[in-house]
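Listed here are the chains, written in short residue letters.
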Amino acid sequence: MLNRNAEALFWVGRYMERAENHARLIDVHYHIRQDGDLEHAEHKWARLIDSLGARPDYLQQFDTFNEKDVLSFITLDRGYSNSLFSCISQARNNLRTLREKPPSELWDILNAFYLWLGEKQVTDIFQQSPYPFYKQIKERTAMFQGAEQSVMPRENEWHFIESGRYLERAENTVRILQSVAYAIKEDQAPPYDYLLAVLKSVSGYQAFRRYYADAMAVEPILEFLIGSETFPRSVHYAFSRLEEHLAGIELEGSNDFPVHEKTIRQAGKIRAGLGCLEREDIAMDSVGPFLDSLMSSCQKLGRAMAGTFFRFEEATA
C-alpha cells in the first residue's frame, strides 16, 4: 500500500472511534449530573471542555460555559477540528481519497452519516433530550464498524483501519477515566457513583456484573475498565487487538521490518504491563499518575506508528 493510503485508512478508524467516544464522554457527564450534585453547573460544563483539551478553542467563541454552547461546540462546530461533525467530515474526506480500496458499503454509510449530521442544528440536540441524539451517533458509528467487520478483506487495508480504531479506543478510555478521576478529586465526591457512570457510558455495566457479581466497588470497576482481557472497551483489550493488527500488516520493503517489529514490541510491552496489574497499582489514590503514564505511552506509540508506516505522505489528520 502507498503510505498515504495506509495513513488515510488509519485516520478513518481513529476519527470514527473518536466520534463515538465523544458521544460516550458526554453520556458520562449526564450520568454524573443526574446521580450527583447539580450545583456549579458552569464549572462542570467547563470540565467537559477541559477533558477534550479544547478550552482555548472554546473561549475564542464563547465567554461562559453552559449546556447549549458546550454541546453545540463539541457536536456541530465546523471550526473545531475535534468536534463530532469535524471527525465525521475528516473520516469521510480520507475515505473519499481511496474509494476504490474499501468496500462501497463503507462510503455509503459514512456519507449518509455526514449528510445527516450536517443538517442538524443545536435545537435538534434538545428536541426531546440529548440522550436519544447521542444514542443515534453511537448507533451510526456502530453501523459503520459492523459493515467494516462484515465485508472488508482481512488484508493491510483492514489492519490499518482497525489499528487506528483500537489506538483511539485505548486513548479515549484512558481519557474518560482521567476526567472522572480528576472530578472525584476536585469535588471530593464518592468515587463509586462516578465510576458507575463510566461503566454505564461504555455499555459495560451488565458485563461487569457477570464477572464481579455484587462486588460493586471502586477497585473492581477500575480493574475491569483498565485490565479486562475480554471486555471490548477496556484498555487491555484494545492493546491486545492493536498488537494483533500491527503484526498482521505486511510490509513490502524488507528494510522496514526491523522498525515494524519494534513498533509491535512497543504495543506488546504496554499490553503485557496491563496484564500484570495488581489492584494496588490502580487504587483510587494512585490511579491518576498511572493514567497519565498510560496516556503518554499511547501517544508515544502513535508517534512510533506514524514513523514506521506514514513517513513519506500525510493524510488529513
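What you see is a predicted model, and the numbers here were worked out from it, not measured in a lab.

Caption draft 1: Region of the structure containing the overall build of the chain. For the chain, the helix and strand inventory stands at 15 helices and 0 strands. Whereas a compact globule of 317 residues would reach a radius of gyration of roughly 20 Å, the chain reaches 19 Å, a difference of no more than 12%. With the principal axes as the frame, the chain shows a C-alpha extent of 60 × 50 × 35 Å. Burial status across the chain gives 54% buried among its 317 residues. Of all intrachain contacts in the chain linking residues separated by at least 6 positions in sequence, the fraction that spans at least 24 positions is 67%. Only carbon and sulfur atoms are counted for the fraction: they give 47% of the accessible area of the chain, which is about 14400 Å². Side chains of the chain give 36 positive and 46 negative charges; the mean places of these two sets differ by 2 Å.

Caption draft 2: Inspection of a positive patch on the surface at higher detail. A cluster of like positive charges, contributed by Lys262, Arg265, Lys269, Lys300 and Arg303, occupies part of the molecular surface. Elements supplying a minimum of two residues to the positive patch: α14 (257-275) and α15 (287-309). Sort the elements by how many residues they give to the positive patch and α14 lands first, with 3 residues. Take Arg265: it is sitting in helix α14. Note on Arg265: relative accessible area 54%, which makes it exposed.

Caption draft 3: Examining the confidence of the model for the chain more closely. For the chain, the average pLDDT comes to 87, and 90% of its residues sit at 70 or higher. Predicted confidence is poor over residues 312-316, with pLDDT under 50, and the contacts of this stretch with residues over four places away or in other chains come to 13 contacts.

Caption draft 4: Quick look at unusual backbone geometry. A positive phi angle, near 55°, is found at Ser203, a position not held by glycine. Tracing the backbone through its elements, the reader meets Ser203 in the loop between α10 (191-201) and α11 (205-212).

Caption draft 5: The arrangement of empty space enclosed by the protein in detail. For the structure shown, the criterion picks out 1 cavity of 30 Å³ or more. Estimates place the volume of the largest cavity at around 140 Å³. As for the largest cavity, its lining consists of 13 residues, of which Val28, His29, Ile32, Arg47 and Ser179 are closest to the centre. Of all the elements in the fold, those that place two or more residues in the lining of the largest cavity are α1 (3-35), α2 (41-51) and α9 (156-187). Here the residues of the lining of the largest cavity are counted per class, giving 8 nonpolar, 3 polar and 2 charged.

Caption draft 6: Geometry of the packing of helix α6 (residues 104-118) against helix α8 (residues 130-151). Two numbers describe how α6 lies on α8: the axes approach to 9 Å, and their chain directions differ by 165°. In terms of orientation, α6 lies roughly antiparallel with respect to α8. Of the two elements, α6 crosses α8, and the hand of that crossing is left-handed. Facing Glu105, Leu106, Ile109, Leu110, Ala112, Phe113, Trp116 and Leu117 of α6, the residues of α8 in contact are Phe133, Gln136, Ile137, Arg140, Thr141, Met143, Phe144, Ala147, Glu148 and Val151.

The rules behind these values
Residues numbered from 1 in each chain as written. Predicted model: local features only at pLDDT ≥ 70, side-chain atom pairs only at ≥ 80, totals over all residues. Heavy atoms only, no water. Helix = DSSP H or I, 4+ residues; strand = E, 2+ residues; numbered from the N terminus. Rg over C-alpha atoms; globule rule 2.2 N^0.38 Å. Buried < 20%, exposed > 50% of the residue type's maximum accessible area, 1.4 Å probe, protein only. Contact = heavy atoms within 4.5 Å. Areas by Shrake-Rupley, 256 points an atom, 1.4 Å probe, with all protein chains shown as cover. Lys, Arg positive; Asp, Glu negative; His and termini not counted. Charge placed at Lys NZ, Arg CZ, Asp CG, Glu CD. Patch = residues over 30% accessible without salt bridge, like charges linked within 9 Å, V, L, I, M, F, W, Y side chains within 5 Å. Salt bridge = Lys/Arg side-chain N within 4 Å of Asp/Glu carboxyl O. pLDDT = per-residue confidence, 0-100. 1 Å grid on protein atoms, 1.4 Å probe; cavity = no way out; pocket = protein on both sides within 12 Å on 5 of 7 lines; lining within 4 Å. Points joined across faces, edges and corners; volume = space filled by probe spheres on them. Nonpolar A, V, L, I, M, F, W, Y, C, P; charged D, E, K, R; others polar. Axes fitted to C-alpha atoms, helices over the stretch in contact; angles between N-to-C directions. Parallel < 35°, antiparallel > 145°, perpendicular 65-115°, else oblique. Left-handed = near helix turned anticlockwise from the far one by under 90°.

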